[in-house]
Amino acid sequence: MVLKFDSLPDLYAHEFDTVIDVRSPAEFDEDHLPGAISLPVLDNEERARVGTIYVQESPFLARKLGAALVFRNAANHIENSLSHHEGAWRPLVYCWRGGQRSGSFTWMLQQIGWRAEVVEGGYRTYRRLVKRYLYDDPLPHHLIALDGYTGTAKTELLVHLAARGVQVLDLEGLANHRGSLLGDMPGGQPSQKAFESALSAVLCRLDMSRPVVVEAESSKIGSLILPPTLWAALRQAPRIQITASVQARSDYLVSAYDDVLSDSDRLRNRLSPLRFHRGHDVVDGWLDMIDAGDKRALTQALIEQHYDPAYAKSARVRRSDVIANIHASALDHAGLSATAAQIEAILDQV
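Quantities reported herein were computed from a predicted structural model and do not represent experimental measurements.

Considering the sheet that holds strand S1 (residues 2-3)
- Strands sit in the order S1-S5-S4-S2-S3 across an open sheet of 5 strands; the sheet is parallel. Unpaired on one side and paired on the other, S1 and strand S3 (37-38) mark the two borders of the sheet.
- Most of the contacts of helix H5 (residues 100-112) go to strand S4 (residues 91-94), to which it runs at about 155°, and overall it touches strand S2 (18-21), S4 and strand S5 (117-119).

Quick notes on the packing of aromatic side chains
- Throughout the structure, instances matching the rule amount to 6 aromatic pairs.
- Ring geometry for Trp89 and Trp114: centres 5.0 Å apart, planes at 90°, overall edge-to-face. In this pair, Trp89 sits in the loop between helix H4 (59-79) and S4 while Trp114 sits in the loop between H5 and S5, placing the two residues 25 residues apart along the sequence. Across the pair, exposure class does not vary: Trp89 and Trp114 are buried alike.
- Residues Tyr123 and Tyr126 carry aromatic rings whose centres are separated by 5.9 Å and whose planes lie at 50° to one another, so their mutual orientation is tilted. Here Tyr123 and its partner Tyr126 are both found in helix H6 (residues 122-136), 3 residues apart, which amounts to about one turn of the helix.
- Judged by its relative accessible area of 0%, Tyr126 falls in the buried class.
- An aromatic cluster of three or more residues is present, and its members are Tyr12, Trp96, Tyr123 and Tyr126.
- If you follow Arg23 out to its NZ or CZ, it ends over the ring of Tyr123, 4.2 Å from the centre.

Thoughts on the packing of H6 against helix H9 (residues 192-205)
- Two elements in contact, H6 and H9, have axes whose closest approach is 10 Å; the angle formed by their N-to-C orientations is 65°. Considering their axes alone, H6 and H9 lie roughly perpendicular with respect to each other. By crossing handedness, the relation of H6 to H9 is classed as left-handed. For the pair H6 and H9, the contacting residues are Tyr123, Tyr126, Arg127, Val130, Tyr133, Leu134 and Tyr135 in the first and Gln192, Lys193, Glu196, Ser197, Leu199, Ser200, Leu203 and Cys204 in the second.
- Grouping the constituent residues of the contact of H6 with H9 by class yields 9 nonpolar, 3 polar and 3 charged.

Calculation criteria
Residues numbered from 1 in each chain as written. Predicted model: local features only at pLDDT ≥ 70, side-chain atom pairs only at ≥ 80, totals over all residues. Heavy atoms only, no water. Pairing = 2+ DSSP bridges. Helix = DSSP H or I, 4+ residues; strand = E, 2+ residues; numbered from the N terminus. Contact = heavy atoms within 4.5 Å. Axes fitted to C-alpha atoms, helices over the stretch in contact; angles between N-to-C directions. Phe/Tyr/Trp six-rings, centres within 6.5 Å; stacked < 30°, edge-to-face > 60°. Buried < 20%, exposed > 50% of the residue type's maximum accessible area, 1.4 Å probe, protein only. Lys NZ or Arg CZ within 6 Å of the ring centre and 35° of its normal. Parallel < 35°, antiparallel > 145°, perpendicular 65-115°, else oblique. Left-handed = near helix turned anticlockwise from the far one by under 90°. Nonpolar A, V, L, I, M, F, W, Y, C, P; charged D, E, K, R; others polar.

Next comes the structure, spelled out in structure tokens:
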């Protein structure tokens, strides 16, 4: 049986035990349904080989070779990866467009007795639902933006808020990037499609009757673009403004960005291109601090000479309301816990 899903929340709310992606590993790595496992019935080279034969020789020859490869690979998955499942197991299977790859694999599973089904339209249908959700339909969530200068530990505050039961949306966590000039994280960023999959999955799980706290971001986090409906909602969201002293912010950044601050070559490569914006003398001063290994002086200089001017410039064009101003006297664990408690009290009144 082929299952049709009319909306992204419907698809994410499926009640199957396992979602199986039978596309090639390269297709899976670019993007897949959240939580899906990869059991390719054609690997990257096999898929390319079958496609070449289809175009250059004959569709019949391609289908004949493809069938042999698909059933051989499927048999291997059944014998190894799936052998532990009992008879009541219910898998949901998809390929690129819900065609021969997923159909063949699902038929084999059904012949065994497992209650396997296929996603109609496969991954292409899934991407259309994601696009509609993030690009076409208005975002129904009630966002509250956590705003403030760089170094006010907004991302860390989201962790404290989540521990208190507050709904949060951690965009930088989903993007695997700290959202600033020096924000690269180990492992690199996901693809744009994978970011949107993870983002839409989180949004669909949230309770739309309760506010969602999200860090105020620009339209891009690293190389990833915020989808338009989210960006529009974020720009209009009421804001809670977090402030802290330059000294407290510098102390926090020295700790939070120690991996970057300890890599002098990476720092120099990141900061040198800012000569056009901040001037040669300013950037030369930063590079001297890098050479001296003075992390605290460097972070304070970056705050005062780069981050704060950039933030002040962007703040002048914001139109959303500030519903509260909170000054964090400290950005250590105790200070952030106290600030989170104040934010939670404000949310109770929203």
